[in-house]
Amino acid sequence: MSCQNATPGLNKGSQPWPENLEKNSHGATAKEDASTVLLEKQLTLGDFVQIQRAFEPPEPSQTICMSREEFVQRMTEIVGWGTKEEYGELFDKVDVAQEGFINWDKLTSFLLLTLYEKDEQAKATVVPQWRDLEFLPVKHKDTIQRVIFLKSSSRYLTISKEGSVGIWGENLKLQETLPITSDATKLKHLWVTSMVSLENVNKIAVAFTSKEICFYDLLSKEEFPCQYKLQGLKGTPICMDYWYNPLDANESILSFGDITGKVQVIAFTTALISLFEHPAGACEDEEATVTINWAELRPGHHKCCYTLGHKLHHGDWVRQVTYNASLDAIISSTTSNTNTVVLAWREKSKKHHKMTSFNIAQGIHAFDYHSQLNLIATAGIDNKVCLWNPYVVSKPVGVLWGHSASVIAVQFFAARKQLFSFSRDKVLRLWDIQHQLSIQRISCFFPKSQDFRCLFHFDEAHGRLFISFNNQLALLAMKSEAGKRVTSHKKAVTCVLYNSVLKQVISSDVGSTVSFWMIDTGQKIKQFTGCHGNAEISTMALDANETRLLTGSTDGTVKVWDLNGCCHHTLNVGQAGAVDISHILVLKKTILVTGWDRSITVFRPQNFNQFSIQPEEWKGGIQHHDDILCAAFSPPQTLVTGSYDGEIVLWNNSTENAHYVLHPDYQRLLKSKSDAGPQKLLGAGRSPSTHPTYDQATLRSCSFEMDTECNHAVMRLCFLEARKNITGTGGANLVSCGGSGYVRFWDTFKKQLLAEFLAHSGVGSIIMSTDKSNRYLATGDLEGWLKIWNIEEYCLNPSKNKLTQAPTLIRSFRPHEDWISSLEMCELGSRSLILSASADCSVRVTDVCGVPVQIFGQEKHWQLENCFSVPKRDTNLMGNKIQEKSIKEIPLFSKEESCLDPSKHSLLDKKTHSVRPSEVINSGVKYMERNVYKKKTHDLYNGGIIQKSCSSFRSLSIGTLKELPEVNKPAFLLDPEKYFREGPEEQCPQIPEFPSLSETLKAIFDEKNLFPKEILDHERRAKQLCQETNSEVKIKRNKKPL
């Protein structure tokens, strides 16, 4: 708890005021300042432990209570410092009811409430730090009407007046811009006025000036098919809002206001089944648009929904409308000074409501409601921001002054209980609600214009503030609070790798920086900056020998580096433009690159005879109908690729032909390359209208669930290489994960989905990694949560029915504050470690058993053998196996020596064509990997442990030798003089003397035999040239006159 933050320097039994007092900035001593600090804020954790022991009863069923005198006396004795008056004041604060006694529950409740209020006050006064204002590359030609975030698919949508929808990734990369409808002539006479997201049914609702509201399905294979069209409205809807019950997704409310002053509400009761009923004579085609007439909807002809509404705004345009569940009321506003804000309270029957209204001078542009504070903030045309209690309509409870122009937008920062306001003069202010003060002012630089429309949207979950100016969209992103936490990079980390040869961790970030870290201490070894200029590094890979590093970037290039920062090759992936590279796969004879494209880009290293390399043709052509996001390979020739639409294509890497497609809802066989057929390439994230490789009846039979778990995008693929023996018996050998938090296990031999389970709910797409033994599976999500699963016995046997039960969850924790971008599991000795990289600029390491998380870049370096322990298993059955495994991990030669053997080269070990000067940070620490194996050997054999042999004789039983029976001593031991008596000395033949070494060398070797002929000829010509030069010089000297 926060108790640990209170005066950490005071230990148990210590005095509160040390003698060596220091002066503060005002010249007063610390004792004088601390005298005004309350006693409860000075108590340390050790003090609280002592106080708790004083209240512990002898039996659990009893409770100890203390009177004022007893409490003062006991506390002064137990704590050891503080006056009796201070403890008496603390007792009076706790005993609010004046009962004359307190217990441990009352004391802790008071302390927790005090600390909570202190934390809330500190949080409310924190001023966020912002990055520079950034203009996003939109392709809208008219005013941007709405910005929304789709949580299920982790994408942003923007819509403009002319009807174009921009699709953005979570990294705010524009993936595609599409028209909301294919009827181009219709859009010429229509404007889009508003858009909302129906998250529980994966749809969007768009309002048009034609007095229509169209509902579009986001899960369809078409671009934007219109599923329902609500027409016949009395007025043009210009604002909309949607809410659904998180506990019952069938219950939802769509509210909208029009230019006639009407507020209409459609309450859905079976949203997951159907929003509206199909008319009796309607076509049964699922792709056909169902037309709903408002005149038929109001009388209650549709059983799955009913309508509500009011006309209290009397013909004024309804600028904003929303439904709030905590108030159970529909709130709407206009720019009029009468009935400016109207609250329509729903009655118990929920089909009628009562009305209350606020009259605000000159009207308002917008409002927002904070449920915890129970406040409505209004953006006044009179330059004021007013705070209202929804139950008090007479006057506001607070007025925020400071804007010099009319306020056009307000939005609460709910977590910090702060308020944003934006005025017409393009000034952004942040307010402290408790003190009603402006704590931050930011001037936004937009083009000067008299007539403009501004949109204001704050995405609190990601700390992003969107401000639009007509057709321009600007972004203000909050900086991470680096002062309170340790970071590994200055910018968001995109990828992390582990080099098992050098025992180093490699990480990259969006700023095109690559860092190297020591795994056993967390110390930075070196750093390469500007690897791809200003472009983001999106992914990395190591070659087979782990001596070459490949980095892929958003500029459409892959660069090949050695570990000293020298660039050997540049692979040009994006021929027609930049491609956001998502995965690099280094195989024996090829390098495969995938990204936001439907095709595989292949490079063949045997043709690497120059610095810049162009891609070659992939023989299998295009088999995916959406963009490829990931790939995996299993020897000898199985290649799989996963795409955004959930399809997994199986390839033969030798022939480069695809033969099967796996999907959670269907499987299909690819007979030949021509099955896919030539298709027009779409942008990222969308698909063509039809699948030519299989009939439409198959598609219509696919049961797409209408909820938030329908996104099948494949973000990661991983083969379970340790399960090679399941070819005959069956079982899962491939794992995929991605959209909506699902993990799926596949059998690629029988082309079957064996199991799927929800690993992370309600967080969008996830990523994963597994260890080499395939015992553990680690998954990470967009909110920074990391889960570790035991999959050692999961899906080992085939089953007719799909398994939906999740494997054993070992650990679930949140190591990061932002989304986890990369995961890597590695083994160091007998430890299973997990490396995670995140957008919060940190790279962290932990193990499976739950040891504290360590951060690369922290000031205090760790010692790996002290931090991480060996995972506990059954000691009775597995003890010998663990010991045997530790012996097997000690090779005769170190892995570094074997990989650096000149006789074994990697595919990428070629001549260096270009060297990039890079910034290398030398830590001054000698990092010798060979000592690891020597230390292991020393510890094992000096410990007196008898292990089984790991050689070819490991099957032999080696035990204690039997004692030999006594043997009679031989005669030469009993009578040595008889056998070893010295005889008469004999003259030894004289050994001839050998010639000296110099004589021998002169006799055998001479210059002709010792040096090559070329060297001797070169030396002879040099001597001749020298002699000729000397003779010419002498002749010239003799010719000089005396």
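Within every chain, residues take consecutive numbers counted from 1 along the sequence as written. For this predicted model, a pLDDT threshold of at least 70 governs which residues receive local features, and a threshold of 80 or more governs which side-chain atom pairs are given and counted, while totals over whole chains, interfaces and linings are taken from all residues. The side-chain values count all of the structure's non-hydrogen atoms but skip hydrogen atoms and water molecules.

Going by what an unreviewed UniProt entry lists, the protein is known as WD repeat domain 49 and is assigned to Ovis aries.

Colleague: Break down the overall build of the protein for me, with residues and values.
Modeller: Helix and strand labels come from DSSP, where a helix needs a run of H or I of at least four residues and a strand needs a run of E of at least two; each type is numbered from the N terminus. The number of helices and strands found in the protein is 17 helices and 60 strands. Each residue is placed in one exposure class: buried if its accessible area under a 1.4 Å probe, protein chains only, is under 20% of its type's maximum, exposed if it is over 50%, and partly exposed if it falls in between. Buried residues in the protein amount to 48% of all 1042 residues. Excluding contacts between residues fewer than 6 apart, the proportion of contacts in the protein whose partners are at least 24 apart in sequence is 53%. Any two residues whose heavy atoms approach within 4.5 Å at even a single point are treated as in contact.

Colleague: Tell me about the environment of I433, and name the residues and values.
Modeller: Topologically, I433 is positioned in the loop between β27 (427-432) and β28 (437-443). Of the residues examined, I433 reaches a relative accessible area of 8% and is grouped as buried.

Colleague: Give a description of a positive patch on the surface that names residues and reports values.
Modeller: Each patch is built from residues that are more than 30% exposed by relative accessible area and take part in no salt bridge. Like charges join if they lie within 9 Å; nonpolar side chains (Val, Leu, Ile, Met, Phe, Trp, Tyr) join within 5 Å. All accessibility values rest on the Shrake-Rupley procedure with a 1.4 Å probe; residue burial counts only the protein chains present in the view. Only one rule defines a salt bridge in this text: a Lys or Arg side-chain nitrogen within 4 Å of an Asp or Glu carboxyl oxygen. A positive count includes Lys and Arg, and a negative count includes Asp and Glu. His and the chain ends are not counted in either. A charge is said to be at NZ when it belongs to Lys, at CZ for Arg, at CG for Asp and at CD for Glu. Positive charge collects at one region of the surface, where K211, K234, R298 and K311 lie side by side. Take R298: it is sitting in the loop between α7 (294-297) and β16 (305-310).

Colleague: Tell me what's going on with the packing of helix α3 (residues 68-79) against helix α4 (residues 84-94), and back it up with residues and numbers.
Modeller: Every axis corresponds to a line fitted to the C-alpha atoms, with the helix fit spanning only the stretch in contact, and the corresponding angles, defined between N-to-C directions, vary from 0 to 180 degrees. Two elements in contact, α3 and α4, have axes whose closest approach is 9 Å; the angle formed by their N-to-C orientations is 130 degrees. As summarised for this structure, α3 and α4 are arranged oblique, according to the angle between their axes. As α3 packs across α4, the resulting crossing turns out to be right-handed. Residue-level contacts link R68, F71, V72, Q73, M75, T76 and V79 of α3 to K84, Y87, G88, E89, L90, F91 and D92 of α4. As a working rule, the residues Ala, Val, Leu, Ile, Met, Phe, Trp, Tyr, Cys and Pro are called nonpolar, Asp, Glu, Lys and Arg charged, and the rest polar, with Gly in that last group. Of the residues contributing to the contact of α3 with α4, the split by class is 7 nonpolar, 3 polar and 4 charged. Roughly parallel here means an angle under 35 degrees, roughly antiparallel means over 145, roughly perpendicular means 65 to 115, and every remaining angle is called oblique. Crossing handedness follows the turn of the near helix against the far one: under a right angle anticlockwise gives a left-handed crossing, and clockwise gives a right-handed one.

Colleague: Provide a residue-level description of the nonpolar core, including the pertinent values.
Modeller: Counting residues in each nonpolar core, the largest one holds 24 residues, and the members touching the most others are I213, F215, L230, I266, F268 and F276. Setting aside residues up to four positions removed in sequence, F276 forms contacts with F215, Y228, F268, I292, L297, H302, C304 and C305. Among the buried residues, those of types Ala, Val, Leu, Ile, Met, Phe, Trp, Tyr and Cys that are joined through side-chain atoms within 4.5 Å form a nonpolar core.

Colleague: Go over the sheet that holds strand β40 (residues 581-586), please, and point to the residues and values.
Modeller: Each strand in a sheet pairs with its neighbour through backbone hydrogen bonds, running either in the same direction (parallel) or in the opposite one (antiparallel). By the convention used here, strands pair only if DSSP detects at least 2 bridges between them. Reading across from one edge, β40-β41-β42 is the order of the 3 strands in this open sheet, with antiparallel pairing throughout. The sheet is open, and its two borders are formed by β40 and β42 (601-603), each paired with just one other strand. Put simply, the sheet's adjacent strands are angled 20 degrees from each other on average, direction ignored.

Colleague: Break down helix α2 (residues 45-55) for me, with residues and values.
Modeller: Three or more residues of α2 are buried, namely D47, F48, Q50, I51, A54 and F55. Looking straight down α2, one finds that the buried residues subtend no more than 160 degrees of arc, so they occupy a single side. What the arc covers is the set of directions going from the helix axis to the C-beta atoms.

Colleague: Got a sec to walk through the pattern of salt bridges? Specific residues and values, please.
Modeller: Following the criterion strictly, the structure yields 13 salt bridges and no others. Note that K384 and D382 form a salt bridge whose closest N and O atoms lie 3.6 Å from each other. With a shortest N-O distance of 3.7 Å, D1017 and R1020 are connected by a salt bridge. Taken together, the residues D1017 and R1020, both in helix α17 (residues 1013-1039) and 3 residues apart, mark about one turn of the helix. Among the charged side chains, a salt-bridge network with shared partners connects R604, E616 and E656.

Colleague: Pulling in residues and values, what's your account of unusual backbone geometry?
Modeller: With glycine set apart, most residues show a phi of negative sign, and most peptide bonds adopt trans. Going from P635 to P636, the amide bond is cis rather than trans, its omega being 10 degrees. Looking at the secondary structure, you find P636 in the loop between β44 (628-634) and β45 (638-643). Its identity is not glycine, yet H314 carries a phi of approximately 55 degrees, on the positive side. For H314, a relative accessible area of 59% puts it in the exposed group. Despite not being glycine, C795 has its phi angle at roughly 55 degrees, a positive value. Its relative accessible area of 10% is what places C795 among the buried residues.

Colleague: Describe in detail the environment of T547, supporting the description with residues and values.
Modeller: Here T547 shows up in the loop between β36 (537-542) and β37 (548-553). In the structure, T547 is positioned 17 residues away from N564 in sequence and 9.8 Å away in space, judged by C-alpha atoms.

Colleague: Could you give me a rundown of the side chain of S643, with the residues and numbers involved?
Modeller: In this structure, S643 sits in strand β45. Pairing of N or O atoms within 3.5 Å defines a polar contact, subject to two protein rules: one partner must be a possible hydrogen donor and the other a possible acceptor, and residues neighboring in sequence count only if both atoms are side-chain atoms. Only 2.4 Å separates the side chain of S643 from the side chain of D645, close enough to count as a polar contact. Setting aside its immediate chain neighbours within four residues, S643 contacts H624, D626, D627, I628, L629, A713 and V714.

Colleague: For the packing of aromatic side chains, give the residues involved together with the corresponding values.
Modeller: Pairing of aromatic side chains here covers Phe, Tyr and the six-membered ring of Trp, requires ring centres within 6.5 Å, and sorts the geometry by plane angle: under 30 degrees stacked, over 60 edge-to-face, intermediate tilted. What the rule picks out here adds up to 26 aromatic pairs. Relative to Y156, the ring of F149 has its centre 4.7 Å away and its plane inclined at 55 degrees; by these criteria the two rings are tilted. Y156 gets classed as buried once you look at its relative accessible area, which sits at 1%. Between F358 and W388, the aromatic rings sit 5.1 Å apart at their centres with planes inclined by 70 degrees, giving edge-to-face as the arrangement. Taken together, the positions of F358 in strand β20 (residues 353-358) and W388 in strand β23 (residues 385-388) put the pair 30 residues apart, joining distant regions of the chain. As far as the burial class goes, F358 and W388 line up, both buried. Grouping aromatic residues by their ring pairs yields a cluster made of W130, F413, F420, F422, F456 and F458. Only Lys NZ and Arg CZ are tested; either one counts as a charge over a ring when it is within 6 Å of the ring centre and within 35 degrees of the ring normal. The ring of F101 carries the charged tip of K106 above its face, separated from the ring centre by 4.8 Å. Positioned above the aromatic ring of Y660 is the side chain of K751, whose terminal nitrogen or guanidinium carbon lies 5.7 Å from the ring centre.

Colleague: Which residues make up the side chain of R155, and what are the values?
Modeller: Topologically, R155 is positioned in strand β5 (residues 155-160). Buried charge R155 goes without a salt bridge, the closest partner of opposite sign being D627 at 5.9 Å. Reaching out from R155, the side chain makes a polar contact with the side chain of Y644 at a distance of 3.0 Å.

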